[in-house]
Amino acid sequence: MKSIFIVIAAAALCVPAAAAEDNAPKFSVKPTGRILMDGAVYMGGNSDITDDEDTKFVDGVAIPDLRIGAKASYGKWKAKVDVGFAYGKVGLKDTYVEYDINESNLLRGGYFVPQWGLNSETSSSMKPEYEEPTSNEFFYANPRLLALMWEFDKGPFFAATSVFAEAAAMTNNATAMGKQAWGVQTRLVWRPRFVDGDVIQIGASFNYSTPTADDHDAFTYSANFPTRVSKVTDVSATIDHARGLFKMTPELLLIKGRLALEAQYYYMNVARKDGYRNYKAHGAYGMFRSLLIGKGYTYTHADAGVATPAKGSLELVLGYNYTKASDAKAGIFGGITQDVNCTFNYYINSWMIARLRYSYTTVRDREIENLLPKRHVNLLEARLQIIF
């Protein structure tokens, strides 16, 4: 792993190569990095905890994400390498090569987050609600995968199609795994209006995947309460005797001046064998955004979503999430959770953001070993993040 840091540091110090001819493409490299610094206070939620049951919320501070990397470009070619450090663990993040076929088409291959749903247009640290909606996490909507993706972006249409192997393929060889899970997914978007400050966008994403857990005979999906200072399980479901799954998410994005609305619905059906009933789960979130200070929201074509507000902007975000991970007919009770949240985001400059979030989260209908049937928490947390 030391060698990775050495390579990145050397690349970041490189001077763009001189072109042999004036009209020849130039090679350039620039460093990238991020650091998130969090503090959180938890009010309630621990009253029913015993020594051998569930996990307590503990007030504290953390650096949940620290990364260093580099981006390179040469003509139509681009590449990126990111190394992340969090809670004592070091690992590769985005690591890919991209070829821009023309202004409307590109190919990307490597280890990255393929397009699927509206949340794929923002990285994990750029979620306007501070953390991603619980539904997005539980339905495994935007994992980093070893994938090949084609993307089309022209006029009112945006489309992306990916084929991928399971995430464990980045940390284990195929022999050790015994078998590799695979999948295919697509995101389709239509935007009849897509100018800055005036956007109407609808879309839908679809995914089919083979089992990844228990020697590739099951799926395990889970989500924590929306905080990273304390990591406490919110909903969790293990679906055994699985053949494969289908999931989908329609999306909606509306922008008018300094107001924006984002929403997604999630549906998942896991086909099971040996006479077991299929497992079904669903969820949804809605997010109202308003620039209290700022000229208005802008649109990013490349990702089909809301661009990061300009420096000096102050944003208010109100959100609601519902996730149903329990299916009585399948005999799996992963929990039913709801979350109401309010977040203030101050975009200090082009590389610093300060965030303050309050949320109230509840979960019930859980039948999971070492987890209480129901819990709740009032959460107040703050973050300073630096990204370049």
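Residues numbered from 1 in each chain as written. Predicted model: local features only at pLDDT ≥ 70, side-chain atom pairs only at ≥ 80, totals over all residues. Heavy atoms only, no water.

A.B. asks: So what's going on with the overall build of the chain? Residues and values would help.
C.D. replies: Counting its secondary structure elements, the chain contains three helices and 20 strands. In terms of C-alpha radius of gyration, the chain reaches 21 Å, essentially the compact-globule figure of 21 Å for 388 residues. With the principal axes as the frame, the chain shows a C-alpha extent of 70 × 50 × 45 Å. Here the chain holds 388 residues, and 46% of them are scored as buried. Split by element, the accessible area of the chain, about 18200 Å² in all, is 60% carbon and sulfur. (Helix = DSSP H or I, 4+ residues; strand = E, 2+ residues; numbered from the N terminus. Rg over C-alpha atoms; globule rule 2.2 N^0.38 Å. Buried < 20%, exposed > 50% of the residue type's maximum accessible area, 1.4 Å probe, protein only. Areas by Shrake-Rupley, 256 points an atom, 1.4 Å probe, with all protein chains shown as cover.)

A.B. asks: Can you lay out the pattern of salt bridges for me, pointing to particular residues and giving the numbers?
C.D. replies: The tally for this structure, following the rule as stated, stands at 22 salt bridges. Across the pair Arg-34 and Asp-65 runs a salt bridge, and its minimum N-O distance is 3.9 Å. Placement of Arg-34 in strand β1 (residues 27-43) and of Asp-65 in strand β2 (residues 60-74) is noted, with a sequence separation of 31 residues between them. Accessibility classification places Arg-34 together with Asp-65 in one group, the buried group. With a closest N to O distance of 2.5 Å, Arg-193 and Asp-198 form a salt bridge. Since its relative accessible area comes to 41%, Arg-193 is described here as partly exposed. Sharing partners across several salt bridges, the network here consists of Asp-38, Glu-131, Arg-228 and Arg-383. (Salt bridge = Lys/Arg side-chain N within 4 Å of Asp/Glu carboxyl O.)

A.B. asks: Give me a nonpolar patch on the surface: which residues, what numbers.
C.D. replies: Taken together, Ile-101, Leu-107, Leu-148, Trp-150, Val-163, Trp-182, Val-184, Leu-188, Phe-206, Tyr-208 and Phe-246 make up a surface patch of nonpolar side chains, about 920 Å² in accessible area. For the nonpolar patch, the elements supplying multiple residues, two or more each, are β6 (145-154), β8 (182-195) and β9 (198-209). Locating Leu-148 in the fold gives a position in strand β6. A relative accessible area of 47% means that Leu-148 is categorised as partly exposed. (Patch = residues over 30% accessible without salt bridge, like charges linked within 9 Å, V, L, I, M, F, W, Y side chains within 5 Å.)

A.B. asks: If you had to explain the pairing of strand β11 (residues 233-239) to someone new, which residues and values would you point to?
C.D. replies: Of all seven residues in β11, five are buried; the element is thus mostly enclosed. Note: strand β10 (residues 219-224) against β11, six bridges, orientation antiparallel. Residue Asn-224 lies in a different strand from β11, and its bridge partner there is Thr-233. (Pairing = 2+ DSSP bridges.)

A.B. asks: Tell me about the side chain of Glu-315, and name the residues and values.
C.D. replies: Following the sequence through the fold, Glu-315 ends up in strand β17 (residues 314-327). Overall, Glu-315 belongs to the buried group, its relative accessible area being 0%. Of the polar contacts made by the side chain of Glu-315, one reaches the side chain of Arg-289; its length is 2.7 Å. Among all residues touching Glu-315, those that are not within four sequence positions of it are Pro-128, Arg-289, Ser-290, Leu-291, Tyr-297, Pro-309, Thr-343, Phe-344, Asn-345 and Tyr-347. (Polar contact = N/O pair within 3.5 Å; in protein donor to acceptor, adjacent residues only side chain to side chain. Contact = heavy atoms within 4.5 Å.)

A.B. asks: Residue-level account of the pairing of β1, with values.
C.D. replies: Relative to β2, β1 is paired through 13 bridges, and the arrangement is antiparallel. If you follow Ile-35 over to β2, its bridge partner there is Leu-66. For β1 and strand β20 (residues 375-387), the ladder comprises 10 bridges, and the chain directions are antiparallel. Residue pairing across strands places Asp-38 opposite Arg-383, the latter belonging to β20.

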